[in-house]
Amino acid sequence: MRGIKSTKSRIRKSIFTEVARLAYEGWDPKKFENLPYKIITGEIAQYRDSVFVERAVVGERLRAAMGLSLRNFDDFSSICDGIDESIIDEKYYEPPLIDIIKFACNKCPEKKVFVTNACQNCLEHPCVEVCPKKAISIKDGRSYIDQEKCIKCGMCINVCEYHAIVKQERPCAKVCGMNAIKSDQYGRAEIDHDKCVSCGMCLVSCPFSAIIDKSQIFQTITALKSETPVYAAIAPAFAGQFGNVSGGQIRTAFKELGFTDVIEVAVGADLCTISEARDFLEEVPEKQPFMATSCCPAWSVMAKKLFPEFEPYISMALTPMVLTGRLIKEKHPDCKVVFVGPCAAKKLEASRRTIRSDIDFVLTFEEFSSILEAKDIDISKCEESESFLEASGDGIGFAVSGGVAKAVENVIKAIDPEKEVHTMKAEGLPNCKKMLQIAKTGKYDGYLLEGMACPGGCVAGAGTIAPVNKATVAVNTMARDTENKLVLNSKYIDYLTELEQKYKSKKESE
């Protein structure tokens, strides 16, 4: 859970930090193999049934932090197995990005309604009366639910005055908007990777830390140690993630880590806004009934998977991450670009064949904070330098739910004041699905639809470390206080036109 320092977050942080330290010091297989013993010390288990299981789980998480897949436990293999594929600075994320360490899974029940000790055996017994399947009876002075008859409708829960009846669900499956998590033959959680869109909500919801995602910490640092210039592109959701720090202090921190400079992805958001506004004006409603935004990769992949007929209606505008990466490489052709942001799905977006040349590495805020710790850098104590912030308030607002639609609407009205624009937003994949189901009825014809996979928007991404409410306030404050209020004031508009022409020519040649 974001914003709470728990055993889970501390272990994740220590794993990322140790991998970062190893990258700076230089690869040493013996040190890597010893890390589970450094992170889990002593002889007595603290978190699981056995200290050996604790170290085995940490071993798998270390492999994931190096960008490797989970091992097959039918055969013996070292945690260094296949490591040669990762101790380089050119490795891309390979599917599956998100997976489950089976022996770390608690085998939580998929869904169960049961009676707790709070039952008072009241005279009324409303739970018995309302049950449509007659699954509830009184046994030993307490309500009893026959699990074979129960359909988990929740009616008994709603009528119990003592709140003695509860519904328990597997946390990872509950938050999965794609219904991609089921049970294997042993009752352990299992991901259907054909359905998964890598939003990462299961990752942050598993209390047993059984779900992992791959990282490029080692590869990023390897690049930083090379002669190649490395630029950071930081997402606007950074506000509030590292405490009350300024843009100048953040720039100093990046440079102390070895980055050549840092660029604001909200600049790319400004360009994305203009591109989507143009698309909307040209396409809706003359050529298509509505248009959906494109900046959230998990949302757009979900829409294409579940509503393939709507694929042509998703904006063709490049995402802020890609636009910023292309902007940087246009100016510095021989550099590498690291996207630093809140999102797990961005890792797979950057691995697409058409985007690999624009974004070399993707790190979450959580991973980046571990690199800072490995180098003993506290951003709040960094010296001030010139701030890198130059985007509009609307571009910064992309990080919160509703921000994309608002930005696009503002540009449309600036271009064509007479144009009537209706918008609708949805946050969280279940709500995004409902929005598209309603769109099927024609209710949203003429609308701009904004989808965000994470409830709250990018500020609630799987790679964030600050409480969602606090991060939302920080982003809104930064957007309000920025000097540049209007997207159309961006000094990069001419670049967008050139980029669109190049992209169009490339698509035509392919």
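Residues numbered from 1 in each chain as written. Predicted model: local features only at pLDDT ≥ 70, side-chain atom pairs only at ≥ 80, totals over all residues. Heavy atoms only, no water.

S.K.: Would you take a moment to explain the nonpolar core for this structure?
M.R.: The biggest cluster of nonpolar side chains holds 161 residues, and the ones touching the most others in it are Phe32, Ile234, Phe254, Phe259, Met302 and Leu449. Contacts of Phe254, omitting those with residues within four sequence positions, involve Ala232, Ile234, Phe259, Val262, Val340 and Phe368. Counting 13 residues, the second largest nonpolar core, distinct from the first, contains Val113, Cys127, Ile136 and Cys156. (Core = buried A, V, L, I, M, F, W, Y, C linked by side-chain atoms within 4.5 Å. Buried < 20%, exposed > 50% of the residue type's maximum accessible area, 1.4 Å probe, protein only. Contact = heavy atoms within 4.5 Å.)

S.K.: Even after reading the chapter, I still don't get helix α11 (residues 297-306), so can you show me in this structure?
M.R.: The α-helix winds at 3.6 residues per turn, so residues separated by three or four positions along the chain end up facing the same way. Restricting attention to buried positions, one finds in α11 the residues Pro297, Ala298, Trp299, Ser300, Met302 and Ala303. Residues of α11 that are buried in the fold lie against β11 (291-292), α13 (345-349), α17 (429-440) and β15 (447-452). (Helix = DSSP H or I, 4+ residues; strand = E, 2+ residues; numbered from the N terminus.)

S.K.: I'm lost on unusual backbone geometry in this one. Help?
M.R.: Between Val284 and the following residue, Pro285, the backbone shows a cis peptide bond with an omega angle of 0°. In the Ramachandran plot, Lys152 falls in the positive-phi region, its phi being about 60° despite a non-glycine side chain. For Lys152, the position within the fold is in the loop between β4 (142-145) and α5 (155-159). Despite not being glycine, His163 shows a phi value in the positive range, around 55°.

S.K.: How do you make sense of the side chain of Arg251 when you look at a structure like this?
M.R.: By secondary structure assignment, the location of Arg251 is in helix α9 (residues 247-257). Looking at Arg251, its side chain comes within polar contact range of the side chain of Asp261, at 2.8 Å. When sequence neighbours within four positions are dropped, the list of residues in contact with Arg251 reads Asp261, Val262, Ser385, Glu386, Ser387 and Phe388. (Polar contact = N/O pair within 3.5 Å; in protein donor to acceptor, adjacent residues only side chain to side chain.)

S.K.: Would you mind going over the pattern of salt bridges with me for this structure?
M.R.: Pairing is possible between side chains that carry opposite charge, provided their charged atoms lie close to one another. Under the counting rule described, the total for this entry stands at 21 salt bridges. One salt bridge in this structure joins Glu190 and Lys102, with 3.5 Å as the shortest N-O distance. Residue Glu190 is found in strand β7 (residues 189-191), and its partner Lys102 is found in the loop between β1 (98-100) and β2 (111-115); the two are separated by 88 residues along the sequence. We classify Glu190 as partly exposed; its relative accessible area is 38%. (Salt bridge = Lys/Arg side-chain N within 4 Å of Asp/Glu carboxyl O.)

S.K.: Hey, could you run me through the sheet that holds strand β14 (residues 422-427) in this one?
M.R.: In a beta sheet, neighbouring strands are held together by backbone hydrogen bonds and run either parallel or antiparallel to one another. The strand order β11-β15-β14 describes an open sheet built from three strands, whose pairing is parallel. Because the sheet does not close on itself, it has two edges, and the strands there are β11 and β14. The pairing of β11 with β15 spans two bridges and is classified as parallel. Opposite Ala292, over in β15, you have Leu449 as the bridge partner. (Pairing = 2+ DSSP bridges.)

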